[in-house]
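Coordinate analysis (summary)
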Amino acid sequence: MKTEIFKATAGNHNLKDYEKTYENFDWKEIEKYFSWSETGKVNMAYECIDKHVEDGYGDKVALLYKDASRNESYTFKEMMENSNKAANVLVKEAGVKKGDRVFIFMPRSPELYFALLGTLKIGAIVGPLFEAFMEKAVKDRLENSEASVIITTNSLLGRIPQSELPHLQHIVVIDDNVEDKYIDFKNHFKDASTEFDVEWLTRDDGLILHYTSGSTGQPKGVLHVQNAMIQHYISGHYVLDLKEDDVYWCTADPGWVTGTSYGIFAPWLNRATNVIAGGRFSPEGWYGILEQFKVTVWYSAPTAFRMLMGAGDELVEKYDLSHLRHILSVGEPLNPEVVKWGDKVFNLRIHDTWWMTETGAHMIVNIPDMDIKSGSMGKPLPGVQAAIVDDLGNELPPNRMGNLAMKAGWPSMMKTIWNNEPKYQSYFLPGDWYISGDSAYMDEDGYFWFQGRVDDVIMTAGERVGPFEVESKLVEHPAVQEAGVIGKPDPVRGEIIKAFIALRDGYKESDELKEEIRVFVKEGLAAHAAPREIEFKDKLPKTRSGKIMRRVLKAWELDLPTGDLSTMED
Ligand code: ATP
Ligand code: MG
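What you are looking at is a predicted structure, and each value in this text was computed from that prediction instead of being measured. (Residues numbered from 1 in each chain as written. Chains lettered and ligands numbered in written order. Predicted model: local features only at pLDDT ≥ 70, side-chain atom pairs only at ≥ 80, totals over all residues. Heavy atoms only, no water.)

1. Some thoughts on the pattern of salt bridges
Tallying each qualifying case throughout the model produces 40 salt bridges. Note that Arg 325 and Asp 246 form a salt bridge whose closest N and O atoms lie 2.6 Å from each other. Taken together, the residues Arg 325 in the loop between helix H13 (313–317) and strand E14 (326–329) and Asp 246 in the loop between helix H9 (229–238) and strand E11 (247–250) connect sequence positions 79 residues apart. Arg 325 gets classed as partly exposed once you look at its relative accessible area, which sits at 30%. Here Glu 535 ties to Lys 537 by a salt bridge, and the two come within 3.6 Å at their closest N and O atoms. For Glu 535, a relative accessible area of 27% translates into the label partly exposed. Within this structure, Lys 488, Lys 498, Glu 533, Glu 535, Lys 537 and Glu 557 form a network of salt bridges that share partners. (Salt bridge = Lys/Arg side-chain N within 4 Å of Asp/Glu carboxyl O. Helix = DSSP H or I, 4+ residues; strand = E, 2+ residues; numbered from the N terminus. Buried < 20%, exposed > 50% of the residue type's maximum accessible area, 1.4 Å probe, protein only.)

See the structure below:
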């Protein structure tokens, strides 16, 4: 596919500095930013909030919150006091102590963030759960983590099977009209002390337990420790390019790792003003938030960009987005067509970032000082050593497809898979390579190109085809809103390419359209990459975080069991 180059813009550092940093990079230098690297006393919530108050930034706005009924603003000092109050409630009423797993299962609200930071101040491990999880998903995660406390709302209580969870000791409800058998958060919160002695931890103490998105199978409980903050901080600085006056909005829910690493930790470690929006996605609502809060840095996902793209370019023009200066994407491959659209409607490049729950923070990125090759994930973050390796851990030369891998030892690397050490071990190959499960290649310039999940790569008539390339071509066609591509076993070709397509509004399914789309891929990409079968769907199966679930498409197609569907959208 033809690659378009989008020229670099100036970020925090010029390109020369960046390259210098990359070659001589030493994580130890970054650690020096944190006094705990000498004292040994660390606490993420302190570094995110209290430290800035001590440094004289107490009156700076930390949180701008908006949903259908609330529109609020909190300074760093208010965040400090409110998280102290929450910590006091959790200690006094629910007996929370260091190392306990405290789950948070509720819609976004300022109180969610007070409770999450309060939990961290106690030294407990926070387990965020997306509000849309149903009973089975909630039960699996509470059971696996042996959580002792869950913080929730009245409307979600019904999905917590208390009698089947022997470790669960307390349920804290953040709501009005709380039943006596539960801890009434708001009632205790209003009288709680604004002072709290933060629990000092070591860099190896637990921070957060995140369950993965469930795109490829049963979600894994990924444990991260305090040390991760080194990478959260520096990627916030280099990649999010956060500066003193930025208003930053990350659209991810804290139930997913992006919503904590980059919705809480990175922005606040960098002392940015953080926008949190409650409620669901709508193009008007989202553009409205960008306009109202004068957002300068915006971090979202391909699925959202594709939906905004589908809503039309005229809509964007109705809003004043003149403050926006930097846009980033994560979670799924970023189609070149989307980058082109961003360049057109925002006059800004969309910067792709690749990382995963297990890596804890950015790994492959587009720093503002880099030229963007549309369709590429970018280059490794300074300090990260990435390579393409074969199944034995041997490095492959440029332009060869293989396992996307990193040398173990970056600061935000997961500590373990909770309760499953063998699973944790299975991520590594000889040579200390961490294997991502994604397939990619690296070009001569050191840019990495995502091809698909290793299991999704298609072998057709002797050619290896990454589903992403085909999907990206498909969404270039004006009729195609989204596409999911799988390999379907075929006696002659090994596999054939089958595409599931959701059409844009205004387009009707027809055999002519199928043929037109097929020819479009054949002529625009390659004959062997053109889907032999196309099926139209009203919508594609996706995780609640917006990722296309190709394993579900495949299971439907081949009449196989679909596996764990706990994270699938309704
Ligand atoms: P599970 O591990 O439960 O199957 P998941 O892998 O989707 O789910 P996450 O950790 O949320 O869970 O997502 C990480 C994955 O998302 C990566 O392995 C990769 O496949 C995909 N991904 C993330 N960012 C990008 C990107 N910029 N380009 C391509 N793929 C990406
Ligand atoms: Mg994964």
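Alright, that's what it looks like, and here's the rest.
2. A short note on the sheet that holds strand E18 (residues 379–380)
Consider a sheet: its strands pair through backbone hydrogen bonds, and that pairing is either parallel or antiparallel. What the nine strands build is an open sheet, ordered E3-E2-E12-E11-E13-E14-E15-E16-E18; its pairing is mixed. Here the strands that pair on one side only, and so sit at the sheet edges, are strand E3 (71–75) and E18. (Pairing = 2+ DSSP bridges.)

3. Focus: the UniProt feature "domain: AMP-binding enzyme C-terminal" (unreviewed entry) in the protein chain
Residues annotated in UniProt with the feature "domain: AMP-binding enzyme C-terminal" (unreviewed entry) correspond here to residues 469–547. Structurally, residues 469–547 is divided into 28% helix and 32% strand, and its ends, taken at the C-alpha atoms, are 16 Å apart. (UniProt positions renumbered as here; feature names shortened; annotations may be inferred.)

4. A short note on the site of ligand 1
Lining the immediate environment of ligand 1, one finds 22 residues, of which Ser 213, Gly 214, Ser 215, Thr 216 and Thr 357 sit closest. Side-chain polar atom of Ser 213 to an oxygen atom of ligand 1: 2.6 Å apart, as the coordinates give it. A distance of 2.4 Å is found between an oxygen atom of ligand 1 and a side-chain nitrogen or oxygen belonging to Thr 216. In the complex, 96% of the free accessible area of ligand 1, which totals 620 Å², lies under the protein chains. Contributing elements (two or more residues each) for the shell around ligand 1: strand E15 (350–354) and strand E24 (448–453). Broken down by element, the residue count for the shell around ligand 1 peaks at three residues, all from E15. (Near = heavy atom within 4 Å. Polar contact = N/O pair within 3.5 Å; in protein donor to acceptor, adjacent residues only side chain to side chain. Areas by Shrake-Rupley, 256 points an atom, 1.4 Å probe, with all protein chains shown as cover.)

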